[in-house]
Amino acid sequence: GVVLVVILFVSGCGGETQNSIQKNYKLGYGSLALVVDEPRSPSVVYQHRPFSLALTLYNRAGYEAKNVQVSMGSFDQTFISIPNPQQQFSSLEARSAFTDDNGGRADLSFNGEILDLHGSEERRETYRLYVSYESKIEFAPTICVNTASYSVFDAGCQMPTKPVSFSGQGGPLAITSMEEIVVGAENPELELRLHVEDKGQGQIKSMRLGQARLGNVPLVCTFRDMIENDDKSVSFKKDKRAGEVICTATLSEKYSYDTSLFVELFYNYEFSVARQITIKT
């Protein structure tokens, strides 16, 4: 009886650890998030007194964030003085089995002074916290490739006949659907049409392609319906939050088969949060 209890207990524990390690953090639309420490960041302040704002920045995305910058701005400098309104972090680790669900974190604070109210008794002052950073997403599904121009069942896999949807890769930039097309009969070419969207609360400033391959074969990819920037990166068109990436590869096999697809997109992202304080005499 005792032995049985011990065995059950051990296997129960083992199962739980396995699940936490197998959890996929590269899903959804996670981004960096700012959380204000309210007790250390009063919303009512007094003239000629110190100003303090304490924050924690969490990386809730599935990838490391680099060149992270947080700045405090859009306030009237005749009422608030902040000597260092900008803070930088070289990187913030990704959300993973080794962090809690908030991901990597960085604590920061903005300190300064409330100046003179110039005769008013009270004033409401709004300011903004701006966050910008660089990160990436990886799109890595297993797909079926079939070069046959008509549907031949070769006991292999079935290529989808319409676009397949995806629910994010763990960042605000996301490949939300993919369509597979085979073009030509003599030397068939696979065309992958990837629909890319900005699913975050902020704005994707720019993006560029990293690695792209089908199995071990490099893919040739181009951006469609987007603006090309001077540094060869691309951006969504004004007032648009979506575009296309078209990737192609020449196919040699004459049968259907499953293979891995890997497309990496690097992006620059920014968002802002508005807050308000009341200044009293």
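Up top is the structure these notes are about.
Position numbers for residues count from 1 along each chain, tracking the sequence in the order it is written. With the structure being a predicted model, the display of local features is reserved for residues of pLDDT at least 70 and the display and counting of side-chain atom pairs for 80 or more, all residues being used for whole-chain, interface and lining totals. Remark: hydrogens and water are excluded; side-chain values derive from all non-hydrogen atoms of the structure.

**Digging into the overall build of the protein chain**
Here's step 1: The secondary structure content of the protein chain amounts to 1 helix and 19 strands.
Here's step 2: Here the analysis covers contacts within the protein chain between residues at least 6 apart in sequence; of these, 76% occur between residues at least 24 apart.
Here's step 3: When the accessible area of the protein chain is evaluated, it comes to approximately 15,800 Å², of which 49% is carbon and sulfur surface. Secondary structure follows DSSP: runs of H or I at least 4 residues long count as helices, runs of E at least 2 residues long count as strands, and numbering of each begins at the N terminus. Residue contacts follow a heavy-atom distance rule, with two residues in contact if any of their heavy atoms lie within 4.5 Å. Residue-level accessible areas treat just the shown protein chains as cover; the underlying method is Shrake-Rupley with a 1.4 Å probe.

**Quick look at the packing of aromatic side chains**
Aromatic ring pairs are reported here in terms of the distance separating the ring centres and the angle at which the planes meet.
Here's step 1: Working definition: rings of Phe, Tyr and Trp (its six-membered ring) pair if their centres are within 6.5 Å, and the pair is stacked with planes under 30 degrees apart, edge-to-face with planes over 60 apart, and tilted otherwise. By the definition in use, this model includes 7 aromatic pairs.
Here's step 2: Judged by centre distance (6.5 Å) and plane angle (45 degrees), the ring pair of tyrosine 269 and phenylalanine 271 falls under tilted. Residues tyrosine 269 and phenylalanine 271 agree in their burial class; the two are buried.
Here's step 3: Cation placement over rings: the criterion is NZ of Lys or CZ of Arg within 6 Å of the ring centroid and within 35° of the ring normal. Above the plane of the ring of tyrosine 29 lies lysine 199, whose end atom (NZ or CZ) is 5.4 Å from the centre.
Here's step 4: Positioned above the aromatic ring of phenylalanine 266, the side-chain terminus of arginine 208 is 4.7 Å from the ring centre. Partly exposed describes any residue whose relative accessible area lies between the buried limit of under 20% and the exposed limit of over 50%, with all areas from a 1.4 Å probe on protein chains only and scaled to the type maximum.

**What to know about the sheet that holds strand S1 (residues 32–36)**
Here's step 1: If you trace the 4 strands from one edge of the open sheet to the other, you get S1-S3-S7-S5, paired in antiparallel fashion. Two strands close off the open sheet at either side, each with one partner strand: S1 and strand S5 (80–81).
Here's step 2: At least two DSSP bridges between two strands are needed for those strands to be called paired. In this sheet, strand S7 (residues 104–114) lies alongside S5 in antiparallel orientation, the contact comprising 2 bridges. Bridging from a neighbouring strand, isoleucine 80 pairs with isoleucine 114 of S7.

**A few points about the side chain of asparagine 59**
Here's step 1: Of note, asparagine 59 is situated in strand S3 (residues 50–59).
Here's step 2: Pairs of N or O atoms are called polar contacts if they sit within 3.5 Å, as long as, within protein, a hydrogen donor faces a hydrogen acceptor (for residues adjacent in sequence, only side-chain-to-side-chain pairs). At 3.1 Å, the side chain of asparagine 59 and the backbone oxygen of leucine 92 are in polar contact.
Here's step 3: The contact partners of asparagine 59, leaving out residues within four places of it in the chain, are Ser31, Leu32, Glu64, Ala65, Leu92, Glu93, Ala94, Arg95, Asn102, Gly103 and Gly104.

**Concerning the sheet that holds strand S11 (residues 173–183)**
Sheet strands associate in pairs through backbone hydrogen bonding, adopting either a parallel or an antiparallel arrangement.
Here's step 1: Strand order in the open sheet formed by 5 strands is S10-S11-S12-S18-S15, with antiparallel pairing between adjacent strands. If you trace the sheet from one side to the other, it starts and ends with strand S10 (164–165) and strand S15 (220–224), each paired once.
Here's step 2: Inspection of the sheet shows S15 paired to strand S18 (residues 242–250) by 5 bridges, in the antiparallel sense. In the sheet register, cysteine 221 faces S18, and the bridge partner there is cysteine 247.

**Thoughts on the pairing of S7**
Here's step 1: Bridge count for S3 against S7 is 10 bridges, and the pairing is antiparallel. The partner of alanine 54 across the bridge, within S7, is serine 109.

**Remarks on the pattern of salt bridges**
Here's step 1: Any carboxyl oxygen of Asp or Glu that lies within 4 Å of a side-chain nitrogen of Lys or Arg is treated as forming a salt bridge with it. Considering all chains together, one arrives at 17 salt bridges under this definition.
Here's step 2: The shortest N-O distance in the salt bridge between arginine 193 and glutamate 191 comes to 2.6 Å.
Here's step 3: Looking at arginine 193, the relative accessible area reads 33%, which means it is partly exposed.
Here's step 4: Judged by relative accessible area, which is 17%, glutamate 191 ranks as buried.

**Overview of unusual backbone geometry**
Glycine aside, the phi torsion of most residues is negative, and most peptide linkages are trans.
Here's step 1: The backbone phi angle of histidine 118 is positive, close to 55 degrees, even though this residue is not glycine.
Here's step 2: Within the element layout of this structure, histidine 118 appears in the loop between S7 and strand S8 (122–139).
Here's step 3: Backbone geometry places aspartate 225, a non-glycine residue, at a positive phi of 60 degrees.
Here's step 4: Relative to the assigned elements, aspartate 225 resides in the loop between S15 and strand S16 (226–228).

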